[in-house]
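For reference, the chains in residue letters:
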Amino acid sequence: MQVDLRSSWWIRDVEIPTRLVLAPMAGVSVQAFRRQGRRYGAGLVCSEMVSCAGLQHGNERTLGYLRISPDERPLAVQIFGSDPGVMAEAARMVEDAGADLVDINFGCPVKKVTKTGAGATMLEDHARACAVVSAVARAVSVPVSVKMRRGLANGSRACLELGPRLVEAGAASLTLHPRSAKQMYTGEADHSLTTELVELVDVPVIASGDVTSRARAQAILATTGAAAVMVGRAAQGNPWALREIIDGDGTAPTREEVVAELLLFVRETVRELGEHRGTGFVKKFYGWYLGHGRFPKALKQELVQLPTIADVEQRLLDVAPGAAAVLERLEHKAAVEEEVELPLAISAYGGG
Ligand SMILES: Cc1cc2nc3c(=O)[nH]c(=O)nc-3n(C[C@H](O)[C@H](O)[C@H](O)COP(=O)(O)O)c2cc1C
(Lines give C-alpha, C1' and ligand atoms only; values in the text may rest on other atoms or scores of the structure.)
Protein backbone atom coordinates (compact mmCIF):
# COMPACT_ATOMS: atom_id res chain seq x y z
CA MET A 1 0.00 0.00 0.00
CA GLN A 2 1.39 3.43 -0.98
CA VAL A 3 1.33 6.05 1.73
CA ASP A 4 0.52 9.60 0.62
CA LEU A 5 3.57 11.51 1.79
CA ARG A 6 1.57 14.72 1.65
CA SER A 7 -1.04 13.52 4.14
CA SER A 8 -1.19 14.88 7.71
CA TRP A 9 -0.70 12.94 10.88
CA TRP A 10 -0.71 13.88 14.53
CA ILE A 11 1.49 13.60 17.55
CA ARG A 12 -1.27 13.96 20.12
CA ASP A 13 -2.77 17.37 19.24
CA VAL A 14 0.09 18.59 17.02
CA GLU A 15 -0.76 18.27 13.35
CA ILE A 16 2.17 17.42 11.09
CA PRO A 17 1.31 18.25 7.49
CA THR A 18 3.52 15.70 5.71
CA ARG A 19 5.08 12.30 6.37
CA LEU A 20 8.58 13.69 5.99
CA VAL A 21 10.57 14.77 9.04
CA LEU A 22 13.91 16.56 8.90
CA ALA A 23 16.41 14.90 11.23
CA PRO A 24 18.08 16.63 14.15
CA MET A 25 21.79 16.89 13.36
CA ALA A 26 24.35 18.49 15.64
CA GLY A 27 26.38 21.06 13.75
CA VAL A 28 23.84 21.12 10.94
CA SER A 29 20.28 21.79 12.13
CA VAL A 30 20.47 25.56 12.44
CA GLN A 31 17.40 27.64 11.76
CA ALA A 32 18.27 28.14 8.08
CA PHE A 33 18.46 24.37 7.60
CA ARG A 34 15.14 23.84 9.33
CA ARG A 35 13.35 26.59 7.43
CA GLN A 36 14.72 25.30 4.17
CA GLY A 37 13.51 21.82 5.12
CA ARG A 38 10.00 23.14 5.66
CA ARG A 39 10.06 24.92 2.28
CA TYR A 40 11.04 21.69 0.52
CA GLY A 41 8.35 19.53 2.09
CA ALA A 42 9.35 18.49 5.62
CA GLY A 43 6.25 18.50 7.82
CA LEU A 44 8.28 18.57 11.03
CA VAL A 45 11.77 19.87 11.73
CA CYS A 46 13.99 19.40 14.78
CA SER A 47 16.67 21.37 16.50
CA GLU A 48 19.94 19.66 17.14
CA MET A 49 20.38 18.24 20.61
CA VAL A 50 20.55 20.87 23.33
CA SER A 51 22.27 20.22 26.65
CA CYS A 52 19.88 20.41 29.59
CA ALA A 53 22.82 21.35 31.81
CA GLY A 54 23.67 24.21 29.43
CA LEU A 55 20.09 25.47 29.68
CA GLN A 56 20.12 25.11 33.46
CA HIS A 57 23.29 27.19 33.72
CA GLY A 58 22.00 29.82 31.31
CA ASN A 59 24.90 29.18 28.93
CA GLU A 60 24.52 31.80 26.19
CA ARG A 61 25.31 29.55 23.29
CA THR A 62 22.91 26.88 24.57
CA LEU A 63 20.11 29.40 25.06
CA GLY A 64 20.66 30.46 21.44
CA TYR A 65 19.26 27.07 20.38
CA LEU A 66 15.90 28.18 21.74
CA ARG A 67 15.43 30.89 19.12
CA ILE A 68 12.44 29.78 17.14
CA SER A 69 10.95 31.42 14.09
CA PRO A 70 7.23 30.99 13.36
CA ASP A 71 7.90 29.79 9.81
CA GLU A 72 9.78 26.70 10.95
CA ARG A 73 6.91 25.35 13.02
CA PRO A 74 5.90 22.70 13.80
CA LEU A 75 9.27 22.27 15.44
CA ALA A 76 10.68 19.84 17.97
CA VAL A 77 13.51 20.99 20.20
CA GLN A 78 15.66 18.09 21.29
CA ILE A 79 17.25 17.96 24.74
CA PHE A 80 19.76 15.58 26.26
CA GLY A 81 20.79 14.84 29.81
CA SER A 82 20.40 12.16 32.43
CA ASP A 83 18.93 13.88 35.47
CA PRO A 84 15.11 13.81 35.47
CA GLY A 85 14.76 17.07 37.41
CA VAL A 86 17.19 19.01 35.22
CA MET A 87 15.62 17.57 32.08
CA ALA A 88 12.16 18.61 33.30
CA GLU A 89 13.39 22.16 33.90
CA ALA A 90 15.02 22.26 30.44
CA ALA A 91 11.78 21.00 28.90
CA ARG A 92 9.87 23.87 30.51
CA MET A 93 12.30 26.34 28.95
CA VAL A 94 11.85 24.67 25.58
CA GLU A 95 8.07 24.89 25.87
CA ASP A 96 8.28 28.54 26.94
CA ALA A 97 10.44 29.29 23.89
CA GLY A 98 7.57 28.16 21.65
CA ALA A 99 8.50 24.63 20.59
CA ASP A 100 5.61 22.40 19.54
CA LEU A 101 7.27 19.25 20.84
CA VAL A 102 10.00 18.39 23.31
CA ASP A 103 12.17 15.59 21.93
CA ILE A 104 14.51 13.60 24.15
CA ASN A 105 17.77 12.20 22.83
CA PHE A 106 18.38 8.55 23.77
CA GLY A 107 20.52 7.83 20.74
CA CYS A 108 23.64 9.96 20.69
CA PRO A 109 26.63 7.59 20.48
CA VAL A 110 29.33 10.22 21.04
CA LYS A 111 31.55 9.55 24.10
CA LYS A 112 31.33 13.09 25.42
CA VAL A 113 27.58 12.55 25.83
CA THR A 114 27.37 8.83 26.71
CA LYS A 115 29.95 9.08 29.50
CA THR A 116 27.60 11.42 31.35
CA GLY A 117 24.86 8.76 31.28
CA ALA A 118 22.91 10.63 28.60
CA GLY A 119 22.20 9.83 24.93
CA ALA A 120 22.53 6.19 23.93
CA THR A 121 23.52 5.12 27.47
CA MET A 122 19.82 5.38 28.33
CA LEU A 123 19.16 2.41 26.05
CA GLU A 124 20.72 0.25 28.78
CA ASP A 125 19.39 2.13 31.78
CA HIS A 126 15.66 1.71 31.38
CA ALA A 127 14.65 2.83 34.87
CA ARG A 128 16.45 6.15 34.43
CA ALA A 129 15.20 6.56 30.87
CA CYS A 130 11.61 6.12 32.07
CA ALA A 131 12.18 8.49 34.99
CA VAL A 132 13.44 11.16 32.56
CA VAL A 133 10.48 10.76 30.19
CA SER A 134 8.00 10.74 33.03
CA ALA A 135 9.49 13.89 34.63
CA VAL A 136 9.58 15.72 31.30
CA ALA A 137 6.04 14.67 30.33
CA ARG A 138 4.73 15.91 33.68
CA ALA A 139 6.60 19.21 33.34
CA VAL A 140 5.20 20.36 29.99
CA SER A 141 1.88 20.43 28.25
CA VAL A 142 3.28 19.95 24.73
CA PRO A 143 3.78 16.35 23.58
CA VAL A 144 7.07 14.65 24.42
CA SER A 145 8.82 12.43 21.91
CA VAL A 146 11.92 10.26 22.20
CA LYS A 147 14.56 9.46 19.60
CA MET A 148 16.48 6.21 20.08
CA ARG A 149 18.92 3.88 18.44
CA ARG A 150 18.38 0.10 18.52
CA GLY A 151 20.74 -0.35 21.49
CA LEU A 152 24.35 0.04 22.49
CA ALA A 153 25.90 -3.15 21.10
CA ASN A 154 25.63 -4.50 17.59
CA GLY A 155 22.59 -6.74 17.25
CA SER A 156 20.97 -5.26 20.38
CA ARG A 157 17.16 -5.22 20.50
CA ALA A 158 16.99 -2.98 23.57
CA CYS A 159 14.75 -0.45 21.79
CA LEU A 160 11.96 -3.02 21.62
CA GLU A 161 11.93 -3.52 25.36
CA LEU A 162 12.45 0.15 26.17
CA GLY A 163 10.04 1.68 23.60
CA PRO A 164 6.77 0.46 25.16
CA ARG A 165 8.00 1.46 28.62
CA LEU A 166 8.74 4.99 27.41
CA VAL A 167 5.23 5.23 26.01
CA GLU A 168 3.85 4.12 29.38
CA ALA A 169 6.01 6.82 30.98
CA GLY A 170 4.46 9.48 28.76
CA ALA A 171 6.15 9.51 25.33
CA ALA A 172 3.66 10.57 22.66
CA SER A 173 5.86 9.48 19.76
CA LEU A 174 9.04 7.48 19.17
CA THR A 175 11.72 7.86 16.50
CA LEU A 176 13.90 4.85 15.83
CA HIS A 177 17.27 4.95 14.08
CA PRO A 178 17.86 1.20 14.04
CA ARG A 179 21.63 1.15 14.18
CA SER A 180 23.52 0.36 17.37
CA ALA A 181 25.47 3.12 19.07
CA LYS A 182 28.61 1.08 18.35
CA GLN A 183 27.86 1.17 14.62
CA MET A 184 27.80 4.97 14.61
CA TYR A 185 26.87 5.49 10.93
CA THR A 186 28.37 2.32 9.43
CA GLY A 187 26.42 -0.62 8.03
CA GLU A 188 22.73 -0.25 7.39
CA ALA A 189 19.72 0.80 9.43
CA ASP A 190 17.75 -2.41 10.09
CA HIS A 191 14.16 -1.30 9.66
CA SER A 192 12.80 -4.75 10.51
CA LEU A 193 13.19 -3.44 14.09
CA THR A 194 11.07 -0.42 13.16
CA THR A 195 8.34 -2.82 12.02
CA GLU A 196 8.53 -4.65 15.35
CA LEU A 197 8.43 -1.42 17.33
CA VAL A 198 5.36 -0.18 15.43
CA GLU A 199 3.60 -3.43 16.41
CA LEU A 200 4.42 -2.91 20.08
CA VAL A 201 3.29 0.67 20.67
CA ASP A 202 0.12 2.66 20.03
CA VAL A 203 1.85 6.00 19.35
CA PRO A 204 3.26 7.18 16.00
CA VAL A 205 6.74 5.89 15.15
CA ILE A 206 9.12 7.81 12.91
CA ALA A 207 11.60 5.72 10.90
CA SER A 208 15.10 7.22 10.70
CA GLY A 209 18.08 5.89 8.80
CA ASP A 210 19.12 5.64 5.17
CA VAL A 211 16.05 7.36 3.71
CA THR A 212 17.59 8.82 0.57
CA SER A 213 14.89 8.60 -2.10
CA ARG A 214 11.15 8.50 -2.66
CA ALA A 215 11.34 4.80 -3.50
CA ARG A 216 13.11 4.07 -0.21
CA ALA A 217 10.72 6.28 1.79
CA GLN A 218 7.68 4.57 0.28
CA ALA A 219 9.16 1.13 0.90
CA ILE A 220 9.95 1.91 4.54
CA LEU A 221 6.53 3.43 5.21
CA ALA A 222 4.76 0.49 3.57
CA THR A 223 6.76 -2.27 5.23
CA THR A 224 7.16 -0.83 8.72
CA GLY A 225 3.81 0.89 9.29
CA ALA A 226 5.72 3.95 10.57
CA ALA A 227 3.79 7.22 10.55
CA ALA A 228 6.63 9.13 8.89
CA VAL A 229 10.19 8.90 7.63
CA MET A 230 13.03 11.07 8.83
CA VAL A 231 15.75 12.30 6.48
CA GLY A 232 19.18 13.34 7.72
CA ARG A 233 22.38 13.14 5.73
CA ALA A 234 20.65 13.06 2.35
CA ALA A 235 19.34 16.58 3.00
CA GLN A 236 22.72 18.12 3.88
CA GLY A 237 23.29 20.79 1.25
CA ASN A 238 20.61 19.07 -0.78
CA PRO A 239 17.03 20.19 -0.11
CA TRP A 240 16.22 18.85 -3.58
CA ALA A 241 16.41 15.35 -2.08
CA LEU A 242 13.43 16.31 0.10
CA ARG A 243 11.55 17.53 -2.98
CA GLU A 244 12.23 14.25 -4.75
CA ILE A 245 11.01 12.28 -1.73
CA ILE A 246 7.84 14.26 -1.15
CA ASP A 247 6.80 14.95 -4.77
CA GLY A 248 8.81 12.54 -6.90
CA ASP A 249 10.32 15.58 -8.64
CA GLY A 250 13.87 14.46 -9.25
CA THR A 251 14.82 17.39 -11.49
CA ALA A 252 18.40 18.42 -10.78
CA PRO A 253 18.63 22.01 -9.53
CA THR A 254 20.23 24.58 -11.82
CA ARG A 255 23.60 26.08 -10.84
CA GLU A 256 21.78 29.31 -10.05
CA GLU A 257 19.34 27.56 -7.71
CA VAL A 258 22.19 25.79 -5.92
CA VAL A 259 24.15 28.99 -5.39
CA ALA A 260 21.04 30.95 -4.35
CA GLU A 261 20.09 28.35 -1.72
CA LEU A 262 23.67 28.26 -0.45
CA LEU A 263 23.81 32.05 -0.23
CA LEU A 264 20.49 32.23 1.60
CA PHE A 265 21.71 29.55 3.98
CA VAL A 266 24.95 31.42 4.60
CA ARG A 267 23.22 34.75 5.19
CA GLU A 268 20.63 33.34 7.59
CA THR A 269 23.23 31.33 9.48
CA VAL A 270 25.58 34.26 9.88
CA ARG A 271 22.65 36.26 11.19
CA GLU A 272 21.78 33.48 13.65
CA LEU A 273 25.25 32.65 14.91
CA GLY A 274 27.01 35.93 14.38
CA GLU A 275 29.71 36.65 11.78
CA HIS A 276 32.61 35.01 13.58
CA ARG A 277 31.01 31.70 14.51
CA GLY A 278 28.82 31.61 11.40
CA THR A 279 31.79 31.97 9.02
CA GLY A 280 33.40 28.81 10.37
CA PHE A 281 30.13 26.95 10.72
CA VAL A 282 29.06 27.27 7.09
CA LYS A 283 32.34 25.98 5.64
CA LYS A 284 31.34 22.33 5.68
CA PHE A 285 28.20 23.21 3.74
CA TYR A 286 30.15 24.44 0.70
CA GLY A 287 31.15 20.94 -0.31
CA TRP A 288 27.68 19.58 0.45
CA TYR A 289 25.98 22.12 -1.82
CA LEU A 290 28.56 22.36 -4.56
CA GLY A 291 29.25 18.61 -4.76
CA HIS A 292 26.97 16.11 -6.53
CA GLY A 293 28.87 17.03 -9.73
CA ARG A 294 27.35 20.53 -9.65
CA PHE A 295 30.63 22.48 -9.58
CA PRO A 296 34.32 21.60 -9.89
CA LYS A 297 35.89 20.50 -6.58
CA ALA A 298 38.39 23.35 -6.71
CA LEU A 299 35.61 25.88 -6.03
CA LYS A 300 34.96 24.49 -2.57
CA GLN A 301 38.69 24.56 -1.78
CA GLU A 302 38.77 28.15 -2.87
CA LEU A 303 35.76 29.19 -0.80
CA VAL A 304 37.00 27.70 2.47
CA GLN A 305 40.20 29.74 2.13
CA LEU A 306 38.43 33.07 1.66
CA PRO A 307 38.69 35.34 4.71
CA THR A 308 35.22 36.87 4.81
CA ILE A 309 31.63 35.98 4.01
CA ALA A 310 31.51 38.97 1.65
CA ASP A 311 34.34 37.35 -0.37
CA VAL A 312 32.46 34.05 -0.43
CA GLU A 313 29.29 35.74 -1.66
CA GLN A 314 31.19 37.58 -4.39
CA ARG A 315 32.95 34.45 -5.61
CA LEU A 316 29.70 32.49 -5.72
CA LEU A 317 27.97 35.23 -7.67
CA ASP A 318 30.91 35.28 -10.10
CA VAL A 319 30.41 31.61 -10.94
CA ALA A 320 26.60 31.90 -11.15
CA PRO A 321 25.59 35.53 -11.78
CA GLY A 322 21.95 34.55 -12.35
CA ALA A 323 21.77 33.39 -8.72
CA ALA A 324 21.31 36.99 -7.55
CA ALA A 325 17.79 37.17 -8.98
CA VAL A 326 16.88 33.73 -7.60
CA LEU A 327 18.21 34.74 -4.19
CA GLU A 328 16.19 37.92 -4.22
CA ARG A 329 13.01 35.94 -4.85
CA LEU A 330 13.89 33.47 -2.09
CA GLU A 331 14.63 36.23 0.38
CA HIS A 332 11.43 38.00 -0.50
CA LYS A 333 9.43 34.81 0.14
CA ALA A 334 11.29 34.03 3.30
CA ALA A 335 10.80 37.59 4.58
CA VAL A 336 11.81 37.06 8.11
CA GLU A 337 8.87 36.82 10.42
CA GLU A 338 9.35 38.06 13.90
CA GLU A 339 11.02 35.61 16.19
CA VAL A 340 9.35 34.37 19.32
CA GLU A 341 10.28 36.72 22.11
CA LEU A 342 12.74 35.50 24.65
CA PRO A 343 13.14 36.76 28.17
CA LEU A 344 16.61 38.17 27.38
CA ALA A 345 17.78 40.50 24.64
CA ILE A 346 18.84 38.63 21.53
CA SER A 347 22.45 39.73 21.91
CA ALA A 348 22.53 37.83 25.20
CA TYR A 349 22.03 34.62 23.25
CA GLY A 350 25.20 35.10 21.28
CA GLY A 351 23.61 35.25 17.86
CA GLY A 352 22.17 37.79 15.47
C1 LIG B 1 26.25 15.13 11.62
C2 LIG B 1 25.14 14.41 12.35
C3 LIG B 1 24.68 14.93 13.55
C4 LIG B 1 23.62 14.28 14.21
N5 LIG B 1 23.13 14.83 15.36
C6 LIG B 1 22.05 14.28 15.96
C7 LIG B 1 21.44 14.93 17.08
O8 LIG B 1 21.84 16.01 17.54
N9 LIG B 1 20.35 14.30 17.63
C10 LIG B 1 19.85 13.11 17.14
O11 LIG B 1 18.88 12.59 17.67
N12 LIG B 1 20.41 12.51 16.08
C13 LIG B 1 21.47 13.07 15.47
N14 LIG B 1 22.00 12.49 14.34
C15 LIG B 1 21.35 11.28 13.79
C16 LIG B 1 20.30 11.64 12.72
O17 LIG B 1 19.24 12.35 13.28
C18 LIG B 1 19.74 10.38 12.02
O19 LIG B 1 19.04 9.59 12.94
C20 LIG B 1 20.86 9.55 11.37
O21 LIG B 1 21.76 10.36 10.66
C22 LIG B 1 20.30 8.51 10.40
O23 LIG B 1 19.55 9.11 9.39
P24 LIG B 1 20.16 9.38 7.88
O25 LIG B 1 20.61 8.04 7.35
O26 LIG B 1 18.96 9.92 7.15
O27 LIG B 1 21.28 10.32 8.01
C28 LIG B 1 23.05 13.08 13.68
C29 LIG B 1 23.55 12.59 12.47
C30 LIG B 1 24.56 13.23 11.80
C31 LIG B 1 25.04 12.66 10.49
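Whatever comes next refers back to the structure up there.
The rules behind each value
- Per chain, residue numbering runs from 1 following the sequence as it is written.
- Residue-level local features of this predicted model are given only where pLDDT is at least 70; pairs of side-chain atoms are given and counted only at 80 or more, and the full residue set underlies all totals for whole chains, interfaces and linings.
- With hydrogens and water stripped out, all remaining heavy atoms of the structure feed into the side-chain values.
- Just to be clear on terms, a salt bridge is a Lys or Arg side-chain nitrogen sitting within 4 Å of an Asp or Glu carboxyl oxygen.
- A run of DSSP states H or I qualifies as a helix once it reaches four residues; a run of E qualifies as a strand once it reaches two. Both are numbered from the N-terminal end.
- Under the scheme applied here, a residue whose accessible area is under 20% of the maximum for its type counts as buried, over 50% as exposed, and between as partly exposed, the area being computed with a 1.4 Å probe on protein chains only.
- Throughout, nonpolar core names a set of buried Ala, Val, Leu, Ile, Met, Phe, Trp, Tyr and Cys residues whose side chains join them through atoms within 4.5 Å.
- Contacts are assigned to residue pairs that have any heavy atoms within 4.5 Å of one another.

Looking at the pattern of salt bridges
Reasoning step 1: Scanning the model with the defined rule gives 17 salt bridges in all.
Reasoning step 2: Here glutamate 72 and arginine 34 are joined by a salt bridge, their closest N and O atoms 2.5 Å apart. Linking glutamate 72 in the loop between α3 (60–64) and β5 (75–80) with arginine 34 in helix α1 (residues 31–39), this pair joins segments that are 38 residues apart in sequence. You'll find glutamate 72 and arginine 34 in the same group, each marked buried.
Reasoning step 3: For the salt bridge of arginine 179 with aspartate 210, the shortest nitrogen-to-oxygen distance reads 2.8 Å. Here aspartate 210 lies in the loop between β9 (205–208) and α9 (214–224) and arginine 179 lies in strand β8 (residues 173–180), a separation of 31 residues in the sequence.
Reasoning step 4: The buried category is assigned to arginine 179, whose relative accessible area is 2%.
Reasoning step 5: The network of salt bridges with shared partners includes Arg35, Asp71 and Glu268.

Here we look at the nonpolar core
Reasoning step 1: Ranked by size, the top nonpolar core spans 118 residues in total, and within it Met148, Leu166, Leu174 and Leu290 carry the most contacts.
Reasoning step 2: It is helix α11 (residues 255–273) that provides the largest number of residues to this core, a total of ten residues.
Reasoning step 3: Sequence-distant contacts of leucine 166, that is, excluding residues within four places in its chain, are made with Phe106, Ala129, Cys130, Val133, Val146, Met148, Ala171 and Leu174.
Reasoning step 4: Listed in part, the five residues of the second largest apolar core include Met49, Phe80, Cys108 and Ala118.

Function cannot be inferred from these measures alone, as they are strictly geometric.
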